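# Secondary and tertiary structure notes
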Amino acid sequence: MPITYTSQEQVEVYRFNLPTAIFVPLLALFLQAFLPLRFSFFTNFDLPLLVVIFFAVARRSPVSGLLTGATIGLLQDSLTHHPIGVYGIAKTFVGYGASSLGVKIDVENAGTRFLVTLFFYVIHEIAYFAVARWMLSLSLQWSWGHELGSGLANAVLAVGLFALLDRFKQRT
Amino acid sequence: MESVFGRYRNLSILVAVLFLQVLGLAMQVKRKVGSEPTRLIRVWTVSAVTPFEKAIVWVENGTSGLWHNYFYLRGVRQENRQLKAEIERLRVEQVRLSEDAGQARRLQVLLGFKEQFISHTLPAQVIGSSGSEQSRSLYIDKGWRDGVRPDMAVITADGVVGKVLQVFGQKPLEPSTSQVLLINDQNSGVGAILEKSRLQGILRGSAAGEVVLEKVMADEQVQPGERVLTSGGDQIFPKGLPVGTVVTSTSGSDLFLNIKVKPAANLSKLEEVLVITKLEDKAPAVVTNGSIRAVDILAQRLPSVPDKPAEKPGAATTPANAGTPGTPQPETAKTNDAQAHTAPPANRPAAAKPAPTETAKPAGTVLVRPASDQKLVVPGPAPGAGNKPTVPATANPKPQPGSPPPVSPTQPDPSQPQPEDKPQ
């Protein structure tokens with residue numbers, strides 16, 4: 001099975017109905033805010049990021065991807081006590097990058113999804129840390145081990161989550 | 001120009017969106033704290049998320065209540081017995097501690113001290129968190145309409161949790177909820193003092209979520225295990241609340257010690273918290289007649305001695321007195337009885353003074369010498385008519401109908417624990 005698309009192959013583009021486009025990100029935000037109260041390890045996961053990546057690679061439109069990333073990121077920012085925009089900027093990058101990548105490679109199989117999520121998780125964290133440190137002067141500690149571990153955990157979760165969200169995809 | 005934009009359309013939009021966000025971020029950083037240009041978006045998100053959180057917590061509590069009220073009653077009797085025993089033990093301990101507290105209050109009055117008292121607290125349920133490792137905050141189900149205001153202290157029975165950062169619910173459609181900044185967030189700061197060494201510092205959260213006590217000079221000695229309390233210097237947390245215990249204390253890179261503190265409250269497993277909604281700043285009042293000593297409580301449980309028939313005036317003595325004739329007498333029994341309801345605990349040491357009152361004793365007054373001076377004076381009203389730990393006060397004691405006879409202080413119940421009361 002080819003991983004990259006050639007110019008002759010038709011790239012499948014999906015869309016989502018409005019309730020799905022609204023409630024799935026809100027559900028992700030809700031779970032991200034609620035589950036750490038019961039399971040403290042859940043702070044290592046980033047459900048809104050996984051949703052951004054899923055919508056971006058499924059729609060395969062960079063503009064749509066970056067706007068989705070910016071919106072979800074800003075909403076996630078508003079639950080924290082930090083100034084709004086840190087997650088927004090990081091997820092804008094991810095939304096743009098994931099949708100651009102989705103045009104070029106097949107993101108329908110589990111292996112690719114795992115690698116794409118791991119890659120964009122690290123990109124997201126780098127963008128977040130850069131903005132938080134240089135614009136907000138937050139003294140964050142970067143640990144490759146921690147970030148890679150969290151990235152792997154998110155990638156594993158993404159494989160299952162994306163398979164679940166595939167049910168909501170509609171062909172254009 | 002149009003062709004350039006068309007060719008790089010996606011990239012242009014990306015740059016534009018990023019630029020807008022960076023601009024917005026810079027404006028927020030530039031503005032003063034308190035002016036909230038982004039409040040609207042926060043309210044939207046909180047309004048969208050917190051109703052579901054409240055609903056889930058409500059259902060969870062209902063289910064839990066059903067389980068605990070109907071299905072989980074095995075072992076309750078045993079637990080009840082244990083709790084009763086614990087309450088008894090704590091009562092005795094409380095009495096001992098209240099004596100110390102009373103003494104401290106009297107000294108504070110003498111020195112003109114003022115202290116803060118927690119006069120009102122509001123219980124709240126934790127319904128959500130920020131969901132981010134970099135923002136250690138949580139949401140509670142009480143907000144503006146419940147009387148919560150920014151900068152109020154949030155605690156549990158174990159210790160300090162954090163302070164209220166943002167309050168929602170000022171407008172009718174806003175959900176009544178609040179955001180609490182935890183003490184392990186790096187933006188938090190709590191004035192703290194070490195319990196034994198009385199060294200003061202500032203408690204801060206680190207990027208890794210640890211709690212660190214800062215600004216303690218490197219030449220000081222801080223032992224692991226020492227408790228950390230609030231100092232009250234931050235004007236948010238009242239003085240003396242437990243914050244945590246020292247885990248490690250090492251020399252830092254600068255002039256200060258690097259002290260890691262384990263929070264007393266389990267910040268990762270919070271379900272219910274208390275918001276301190278009102279603090280009173282007042283001078284401590286001295287309680288003059290409300291205290292009961294540990295020995296009094298124990299005396300309530302001592303076996304009673306049967307009533308003696310009325311004796312001739314001037315001839316009645318207690319068994320204790322009879323056994324120790326000629327011993328120096330501290331006070332007249334009449335005076336003793338009169339003081340029983342009025343004398344504050346501070347006057348108790350005077351009861352131990354020997355001889356001087358002996359020469360001034362009035363005729364017909366019975367002098368008593370209990371085996372232990374501790375039971376000579378009762379600082380507050382007798383807890384019960386039949387449980388009076390002092391000896392009969394007058395020469396002609398009349399037994400009260402329906403009340404058990406007085407108890408000799410020399411008859412301790414070996415089955416009862418003996419508290420370590422301070423000698424008077």
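In the block above lies the structure referred to throughout.
### Side note on the overall build of chain A
A tally of regular secondary structure across chain A gives 6 helices and 2 strands. Element order for chain A, N to C, with α for helix and β for strand: β-α-α-α-α-α-α-β. Counting the 172 residues in chain A, one finds 55% classified as buried. A sequence separation of at least 24 residues applies to 71% of the contacts in chain A between residues at least 6 apart. Of the roughly 7300 Å² that chain A leaves accessible, carbon and sulfur atoms contribute 69%.

### A short note on the overall build of chain B
Secondary structure summary: chain B contains 8 helices and 12 strands in total. Scored against the burial criterion, the 424 residues of chain B give a buried share of 38%. Of the contacts made within chain B by residues no fewer than 6 positions apart, 65% connect residues no fewer than 24 positions apart. Total accessible area on chain B is roughly 23700 Å²; 58% of this is exposed by carbon and sulfur atoms.

### Structural notes on the packing of aromatic side chains
Going through the model one piece at a time under the given rule, you end up with 13 aromatic pairs over all chains. Here the aromatic rings of Phe54(A) and Phe55(A) are separated by 5.8 Å at their centres, their planes lie at 70°, and the arrangement is edge-to-face. Comparing Phe54(A) with Phe55(A), the two get one shared label, buried. Both rings, one in Trp142(A) and one in Trp144(A), keep their centres 5.2 Å apart while their planes meet at 85°; by these two values the pair is edge-to-face. Taken together through their ring pairs, the aromatic side chains of Tyr87(A), Tyr128(A), Phe129(A), Trp142(A) and Trp144(A) make up a single cluster. The residue whose ring lies beneath Arg149(B) is Trp144(B), and the NZ or CZ to ring-centre distance is 3.8 Å.

### Observations regarding the pattern of salt bridges
Considering all chains together, one arrives at 15 salt bridges over all chains under this definition. Two residues, Lys169(A) and Asp166(A), come together in a salt bridge whose shortest N-O distance is 3.1 Å. Residue classification places Lys169(A) among the buried residues on the basis of a relative accessible area of 15%. The salt bridge involving Glu86(B) is made with Arg89(B); its shortest N-O contact spans 2.9 Å. Placement of both Glu86(B) and Arg89(B) in helix H4 (residues 76–111) is noted, with a separation of 3 residues, approximately one turn of the helix. Overall, Arg89(B) belongs to the partly exposed group, its relative accessible area being 44%. Among the charged side chains, a network of salt bridges with common partners joins Arg60(A), Glu108(A), Arg113(A), Asp166(A) and Lys169(A).

### A closer look at empty space enclosed by the protein
Following the criterion strictly, the structure yields 4 cavities of 30 Å³ or more and no others. Quantified by volume, the largest cavity comes out at close to 120 Å³. Considering the residues around the largest cavity, the lining is formed by 15 residues, among which Thr43(A), Asp46(A), Tyr87(A), Glu125(A) and Gln134(B) are closest to the centre. Of the residues forming the lining of the largest cavity, the biggest block, 3 residues, is contributed by helix H5 (residues 110–134) of chain A. Looking at the lining of the largest cavity residue by residue, the class counts come to 3 nonpolar, 8 polar and 4 charged. The space that makes up the second largest cavity amounts to roughly 50 Å³. Lining of the second largest cavity is provided by Gly162(B), Lys163(B), Leu181(B), Ile183(B), Ser188(B), Gly189(B), Val190(B) and Phe237(B). For the lining of the second largest cavity, the class distribution of residues is 4 nonpolar, 3 polar and 1 charged.

### Quick word on a nonpolar patch on the surface
Residues and elements named next belong to chain B. Taken together, the side chains of Phe19, Leu20, Leu23 and Met27 present a nonpolar region at the surface, about 430 Å² in accessible area. Its place among the elements puts Phe19 in helix H2 (residues 9–30). Residue Phe19 is classed as exposed on the basis of its relative accessible area, which comes to 54%.

### Some words on the environment of Arg60(A)
Residue and element names in this part refer to chain A. Looking at the secondary structure, you find Arg60 in the loop between helix H2 (47–59) and helix H3 (62–79). Linking Arg60 and Ala98, residues 38 residues apart in sequence, is a C-alpha distance of 8.1 Å. A polar contact is formed between the side chain of Arg60 and the backbone oxygen of Gly102, at a distance of 2.6 Å.

### As for H4(B)
Between its first and last C-alpha atoms H4(B) spans 49 Å; for 36 residues at 1.5 Å apiece the expected length is 52 Å, and the two agree. All of the buried residues in H4(B) are Val92(B), Val95(B), Glu99(B), Gly102(B), Arg106(B) and Gln108(B).

### Things to note about the packing of H5(A) against helix H6 (residues 144–165) of chain A
All names here are of chain A. One can describe the packing of H5 onto H6 by two numbers: an axis separation of 8 Å at closest approach and a directional angle of 135°. When the interaxial angle is binned, H5 and H6 end up oblique. Seen from above, H5 lies across H6 with right-handed handedness.

### Structural notes on the sheet that holds strand S9 (residues 227–230) of chain B
Residue and element names in this part refer to chain B. If you walk around this closed barrel you meet the 6 strands as S6-S7-S8-S11-S10-S9, and the pairing is antiparallel. Recorded for the sheet is a direction-independent mean angle of 40° between the axes of neighbouring strands. Alignment of strand S8 (residues 211–214) against strand S11 (residues 257–263), held across 3 bridges, turns out to be antiparallel. What sits directly across from Val212, in S11, is Lys260.

Definitions and cut-offs
Residues numbered from 1 in each chain as written. Chains lettered and ligands numbered in written order. Predicted model: local features only at pLDDT ≥ 70, side-chain atom pairs only at ≥ 80, totals over all residues. Heavy atoms only, no water. Helix = DSSP H or I, 4+ residues; strand = E, 2+ residues; numbered from the N terminus. Buried < 20%, exposed > 50% of the residue type's maximum accessible area, 1.4 Å probe, protein only. Contact = heavy atoms within 4.5 Å. Areas by Shrake-Rupley, 256 points an atom, 1.4 Å probe, with all protein chains shown as cover. Phe/Tyr/Trp six-rings, centres within 6.5 Å; stacked < 30°, edge-to-face > 60°. Lys NZ or Arg CZ within 6 Å of the ring centre and 35° of its normal. Salt bridge = Lys/Arg side-chain N within 4 Å of Asp/Glu carboxyl O. 1 Å grid on protein atoms, 1.4 Å probe; cavity = no way out; pocket = protein on both sides within 12 Å on 5 of 7 lines; lining within 4 Å. Points joined across faces, edges and corners; volume = space filled by probe spheres on them. Nonpolar A, V, L, I, M, F, W, Y, C, P; charged D, E, K, R; others polar. Patch = residues over 30% accessible without salt bridge, like charges linked within 9 Å, V, L, I, M, F, W, Y side chains within 5 Å. Polar contact = N/O pair within 3.5 Å; in protein donor to acceptor, adjacent residues only side chain to side chain. Expected span 1.5 Å × (residues − 1). Axes fitted to C-alpha atoms, helices over the stretch in contact; angles between N-to-C directions. Parallel < 35°, antiparallel > 145°, perpendicular 65-115°, else oblique. Left-handed = near helix turned anticlockwise from the far one by under 90°. Pairing = 2+ DSSP bridges.

Geometric values such as these leave the question of function open.
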